[in-house]
Amino acid sequence: MRHLRMVPDHTNIDFFAIARVTFGGSMLLVVISIMAPFIWGLNFGIDFLGGTTIRTEASQPVNVGAYRKALDPLHLGDVIINQVFDPSASTNKHVANVRVSAEKGHESIPPAALKRIEGALQKVDPSIRFTSVNSVGPKVSGELMRKAVMAISGAVFAVMAYIWLRFEWQFALGAAVATVHDVALTVGIFVLLQIKFDLSIIAALLTIVGYSLNDTVVVFDRARENLIKYKKMPLRDVLNLSANETLSRTLMTSLSTMIPLIALLIFGGDVIRGFVFAIAWGVITGTYSSIYVAKNIVLMLGVKRDWGKKDDGAAGTQFAAKG
Amino acid sequence: MQIPLWKRVIILGLCALGVILAMPNLFYNRVETHNAAAAKIARNGSTPELAKQLAEWPSWLPSSIVNLGLDLRGGAHLLAEVHLSNVYADRMNALWPEVRDALAKERATVGNVRREPSDPSVLKVSISKPEAMATALQTVRGLARPVVSLTGVGQKDLQVTAAGNSITIQLSPAEKAATDQRTMQQSLEIVRRRIDAAGTREPTIQQEGSDRILIEVPGIGSAEQLKALIGTTARLTFNKVVGRTSDAHAIPGAGNSLVPSEDQKGLYYIIDDTPVVTGEDLTDAQPSFDQNGQPAVDFRFDTTGARKFGDYTATHIGQPFAIVLDNKVISAPVIQAHIAGGSGIITGNFTVQSSTQLAVLLRAGALPAKMSFLEERTIGPELGADSIRAGRIAAVVGTIAVVVFMVAVYGFFGWIANLGLALNMCMMFGALSLIGATLTLPGIAGIVLTVGMAVDGNVLVYERIREELRAARGPARAIELGYERALSAIIDANLTTMISAGILYFVGTGPVRGFAVTLGLGILTSVFTTVWLSRLMIVMWFERRRPKSIEV
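As the structure is a prediction and not an experimental result, all values here were calculated from the model. (Residues numbered from 1 in each chain as written. Chains lettered and ligands numbered in written order. Predicted model: local features only at pLDDT ≥ 70, side-chain atom pairs only at ≥ 80, totals over all residues. Heavy atoms only, no water.)

1. Some words on the state of the cysteines
Between two cysteines, a covalent bond joining their sulfur atoms is known as a disulfide. Residue and element names in this part refer to chain B. On inspection of all chains with the given rule, the structure shows zero disulfides over all chains. Of all cysteine sulfurs in the structure, the one in Cys426 sits closest to Cys15, which takes part in no disulfide; the separation is 9.1 Å. A relative accessible area of 5% places Cys15 in the buried class. (Disulfide = S-S within 2.5 Å. Buried < 20%, exposed > 50% of the residue type's maximum accessible area, 1.4 Å probe, protein only.)

2. Remarks on the pairing of strand E4 (residues 123-127) of chain B
Regular strands show a simple pattern: their side chains alternate between the two faces of the sheet. All names here are of chain B. The element E4 is largely enclosed, with a buried count of four among its five residues. Summarising the sheet, strand E3 (residues 113-116) and E4 pair through four bridges and their orientation is antiparallel. Its bridge partner being in E4, Glu116 is matched across the sheet by Lys124. Counting the residues between successive antiparallel strands, the hairpin from E3 to E4 contains six residues. (Helix = DSSP H or I, 4+ residues; strand = E, 2+ residues; numbered from the N terminus. Pairing = 2+ DSSP bridges.)

3. A few points about the interface of chain B and chain A
Of the residues lining the interface, 66 residues belong to chain B; the matching set on chain A comes to 71 residues. A buried area of about 5,900 Å², summed over both sides, lies between chain B and chain A, and 62% of it is on carbon and sulfur atoms. The interface formed by chain B and chain A holds 10 salt bridges in total. The residue Arg222 of chain A makes a salt bridge to Glu467 of chain B at a minimum N-O spacing of 2.8 Å. Connecting chain B to chain A are 22 residue pairs in polar contact (both at pLDDT 80 or more). (Contact = heavy atoms within 4.5 Å. Buried area = accessible area lost by both parts, 1.4 Å probe. Salt bridge = Lys/Arg side-chain N within 4 Å of Asp/Glu carboxyl O. Polar contact = N/O pair within 3.5 Å; in protein donor to acceptor, adjacent residues only side chain to side chain.)

4. Some words on the pattern of salt bridges
Considering all chains together, one arrives at 33 salt bridges over all chains under this definition. Residue Asp386 of chain B is joined to Lys93 of chain A by a salt bridge in which the shortest nitrogen-to-oxygen separation is 2.4 Å. On the criterion of chain membership, the pair formed by Asp386 of chain B in helix H12 (residues 381-410) and Lys93 of chain A in the loop between strand E3 (79-84) and strand E4 (94-100) is interchain, its members lying in two chains. Judged by relative accessible area, Asp386 of chain B falls into the buried class, the value being 17%. Owing to a relative accessible area of 24%, Lys93 of chain A belongs among the partly exposed residues under this scheme. Arg91 of chain B is paired through a salt bridge with Glu175 of chain B; the nearest N and O atoms lie 3.0 Å apart. Taken together, the positions of Arg91 of chain B in helix H5 (residues 85-105) and Glu175 of chain B in helix H8 (residues 173-197) put the pair 84 residues apart, joining distant regions of the chain.

5. What to know about the sheet that holds strand E7 (residues 204-208) of chain B
Read from one edge of the open sheet, eight strands run E3(A)-E4(A)-E2(A)-E5(A)-E18(B)-E2(B)-E8(B)-E7(B), paired in antiparallel fashion. Whereas interior strands pair on both sides, the edge strands pair on one side only; in this sheet they are E3 of chain A together with E7 of chain B. Shown here is a sheet whose adjacent strand axes are inclined to one another by a mean of 20°, direction ignored. Here six bridges tie E3 of chain A to E4 of chain A, and the two strands are oriented antiparallel to one another. Along E4 of chain A, the bridge assignment pairs Ile80 of chain A with Arg99 of chain A. Its contacts with the sheet put helix H3 (residues 64-71) of chain A on strand E2 (51-58), E3 and E4 of chain A, and the angle it makes with E3 of chain A is roughly 155°. (Axes fitted to C-alpha atoms, helices over the stretch in contact; angles between N-to-C directions.)

6. Considering the confidence of the model for chain A
Across chain A, the average pLDDT comes to 86, with 93% of residues at 70 or higher. Counting interchain partners and residues more than four positions distant, the pLDDT-below-50 stretch residues 310-323 of chain A has three contacts. (pLDDT = per-residue confidence, 0-100.)

7. Observations concerning the domain arrangement of chain A
Residue and element names in this part refer to chain A. As far as domains go, chain A holds domain 1 (19-43 + 140-301) and domain 2 (51-136). Look at where the C-alpha atoms of domain 1 and domain 2 centre, and you get two points 37 Å apart. The interface of domain 1 with domain 2 comprises 10 residues on the first partner and eight residues on the second. Of the roughly 630 Å² buried between domain 1 and domain 2 on both sides combined, carbon and sulfur atoms contribute 43%. If you sort the residues of domain 1 by the area they bury against domain 2, Lys196, Asp270 and Arg273 come out on top, with a joint share of 54%. Our count for the contact surface shared by domain 1 and domain 2 stands at one salt bridge. (Domains from an automatic or database assignment.)

8. Description of the nonpolar core
In this structure, Ile163, Phe171, Phe197 and Phe275 of chain A together with Tyr410 and Tyr462 of chain B are the most contacted members of the largest nonpolar core, which totals 138 residues. Among the elements that take part in this core, helix H16 (residues 510-545) of chain B stands out by supplying 17 residues, more than any other. If you look at the next biggest cluster of nonpolar residues, it comprises 24 residues, including Met92, Trp96, Ala102 and Ala132 of chain B. (Core = buried A, V, L, I, M, F, W, Y, C linked by side-chain atoms within 4.5 Å.)

9. Comments concerning the pairing of strand E6 (residues 166-171) of chain B
Residue and element names in this part refer to chain B. Across four bridges, the pairing between E4 and E6 is antiparallel. Within E6, the position partnered with Val125 by the bridge is Ile167. What sits between the antiparallel neighbours strand E5 (residues 158-163) and E6 is a turn of two residues, in which Gly164 has the positive phi angle 60°.

10. Some remarks on the side chain of Thr216 of chain A
Residue and element names in this part refer to chain A. Mapped onto the elements of the fold, Thr216 is located in helix H7 (residues 199-229). A polar contact of 2.8 Å, which involves the side chain of Thr216, links it to the backbone oxygen of Ser212. Discounting residues that sit within four places of it in the chain, Thr216 has contacts with Ala175, Ala178, Ser290 and Ala294.

Okay, here's the thing in structure tokens:
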């Protein structure tokens, strides 16, 4: 039986041929993505903003207008009501999320306020049930935000240090840029699509850090091997050769990771859809960046070529030991 | 391509161990019933019903199963903050009479002593003869006691400073640290007892940071119920009544407080801030009835409490005495007689239900400090069940798709990778059960993701073998080189993911932490199945068949 091949056995793609478009475009998108949360804003969930979300389930279709009208007299401040669409859920289950901003002077929601909200909604639809309530006070939400930023930068630096130890600093920097690229683009798509950004998305971003490096490291590992093997080949060609040799693996792994992620996106339910979406998107950008971003940095910085040999030190007259 | 026998035994043994440890999860409900029964029998002894439940699962089989997280099982999560400085204020209030009495003995030199209004966690006292400050300071410092803690040995518990005619007394840093620790331990213990009293199973109650308590109770209806169960304060004190008023804005004067009455609207008591006795001195409280047949609460003090209570009632006959619960006066009966023996009765406007509840709260002990809730989450059981169902479907569909994909691409070698994948899953569940890890919804996503990542190791090896075959090497040599040369990439790739899983574990809480655990364990088991297990399988197959050529 002839097995399926993702890519031909021998490829000879020049990944740097259109570097101006790929790498330049990537960097432009990274800059836009980093600025995007400040210009257009992320759709932060209560984990980071504080407030309360109530998940409702009813047998009748969700009437957002009626819900809103019922809650208006309670003067709750900002109220956001979203209907949740889930293709895999049964047809007589209608889910909505009601989000209320944090009350002044309170940490989590006071019991009386919650009762009033639930009572008002029950008047609109007696079949309504409250399957989940989450309330986060402003104190914790601020901390969570700080922790999240620290966690992601910590992860990037820790992994950079590891790669620096195992490879050369040029590779570490290349891997770090690729990782930042993937994380930034993921944040960017969350701004673009205004998907809710909560604590689980931070977990997804950290997973992306790991995955993105996984892909990049495999290409680098091969580059290191080829740098020793082909001492005279220009760096650009060595990097291209390494990417070509590992291309089949890179695509295979991305596909084998994407398959279960797609299954989760479709069947996993709406509770973790944002989380899974972030990881899936990260896998796509991670694959792309390991081919089109990480290597470019290494090429720009250049690399010491005499791997395996001792460093001869600075240029100039050298006295070699006899024998 | 030689693998020594002992290595083979260890590799296959570990796989078998994984399968055995994972197996109880297939019979989740039965094992859970068995475990719950076993725990109850260990605590209270056996009953026929419990013995029957115990027999649901043979006890010689492993019985560890993965815990389901709150998001899968349903339940409530609370993050509470303990107001540690409340305790400082209590200490200062208790210290005031001591300071007053000590300085009163030196009245001739220091003059009149008054308590000045101040931040409640410090005690500010003024003397009318500031020139005698040195004597006053010495007297007050004489009240300090050594700190009782391991780190604060040799230090005093009070820090006394003087400025002008006033003396400021506060707890020393060492004493504050020791007090904070005691307060947290006490709060944890009391929360635990109150939740245990409600009979919920496997609550998680742990300290977070310096002043927070994380409480997770599976199976409870809502976070509101949990809050009611914990009762935010239930601080009981017995205080001297200074006066009564109907003015809600009356100024109580230094050292006193204005406290509303529980049952009479518009009535306020002015009470002395320094309690005579506190709920901490209680040993028992029971619901009962007073002589008029009205519901009441009987209580009994320990020896120190009984002495303080006895002394006070002996000297204050005919005066009202306020019973204060959570900053409300439940009742302020007039002391009829000297109450010796340390037991008494609280009467008030009780119903049978409210007197029972009060007795329970008193018996469980008062929380030493106020608690406020920073975060609360309720997950309904039906939402949890939905999530499990959805996660299971996704896992099955995802796994089947990956299995088909691997076979389509690598043929026979794909089957080996798939067998490795199956054993990987078993070992992962086995390890999760063994360490008693909690499976959360993101954790399921972690497992599904591991399915994809687990085959990555095999992909690396197989791609390498393909390359080596193209370089015209014999099948045996190609396989050997494939494993050898792919190893550094496998290690680097997995270690980087491991680092981010480690960071996730340390910064994350709850579901995120569950995800980090499954991801990290998944990496460990998948490296094992790729580097050792699948290699062993290929070698065993190769030894038997000795094929002239292989197709990867």
